[in-house]
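Fold and contact review
Given next are the chains, with one letter for each unit.
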Amino acid sequence: MTKADVLDRLKIGNKRFIDDKLDGKLQNSSRRATLTSGQEPYAIVLSCADSRVVPELAFDAGLGELFVIRVAGNIANNSSIASIEYAVAHLGTTIIVVLGHESCGAVTAAMSGGDNGHNLNHLLAHITPALNATADDAPVNEVVKKNAELTAGELKSRSAIIRDAVESGKVDILPAYYNLGSGAVEFL
Ligand SMILES: [Zn+2]
């Protein structure tokens, strides 16, 4: 599939999800059997861990189709970047979606500030650039969108593997925003 084909497939799958018409394909024993020898996912999704945001459902995708990394705030840290590098370098995946979502709790916590303990402070520090790039009174969903955009840029700037793949035209990175109520994914 070309990058355009992948994007079409994601959009068509999302439309089925929005319309309550999931096709449920590629989730059965015969699909499992075809995948035991390897995987060739067509898209990587860096998503939040939020239980309301499930990439395989949002894009109506089955086994072996999406390489999904989930971490609160869909941030680019060493571990999420390394996971994406694996799919780019070894699985030939061509589209990376950075999927922020409406009313993200991690972004809300970053906006609230304060000391949240060692681990959460580390995570929220990755969202600080989006806070700095938006107005002080910006609504959370605007910061979410900025965070997805800046994270897309960070994947490129912090990884030679990802940067080379983007610059050679093999891979595109697409920031996106998931609407909780409608299920619609808006590519930013
Ligand atoms: Zn979230």
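Attention here is on the structure that accompanies the text. (Residues numbered from 1 in each chain as written. Predicted model: local features only at pLDDT ≥ 70, side-chain atom pairs only at ≥ 80, totals over all residues. Heavy atoms only, no water.)

1. With respect to the coordination of the zinc ion
Distances from the zinc ion to its protein donors, namely Cys48 (SG), His101 (NE2) and Cys104 (SG), fall within the range 2.1 to 2.3 Å. Given a relative accessible area of 0%, histidine 101 falls into the buried group. (Donors = N, O, S within 2.8 Å, 3.2 Å for Na, K, Ca; no water. Buried < 20%, exposed > 50% of the residue type's maximum accessible area, 1.4 Å probe, protein only.)

2. Details of the pattern of salt bridges
Here the structure, examined in full by the defined rule, presents nine salt bridges. Across the pair arginine 9 and glutamate 65 runs a salt bridge, and its minimum N-O distance is 2.7 Å. With a gap of 56 residues between them, arginine 9 in helix α1 (residues 3–18) and glutamate 65 in the loop between α3 (55–58) and β2 (66–70) connect regions that are remote in the sequence. The partly exposed category is assigned to arginine 9, whose relative accessible area is 35%. Here glutamate 149 ties to lysine 146 by a salt bridge, and the two come within 3.6 Å at their closest N and O atoms. Linking glutamate 149 with lysine 146, this pair stays in helix α8 (residues 140–157), spanning three residues, or about one helical turn. Relative accessible area serves as the criterion here: at 35%, glutamate 149 is assigned to the partly exposed category. Overall, lysine 146 belongs to the partly exposed group, its relative accessible area being 26%. (Salt bridge = Lys/Arg side-chain N within 4 Å of Asp/Glu carboxyl O. Helix = DSSP H or I, 4+ residues; strand = E, 2+ residues; numbered from the N terminus.)

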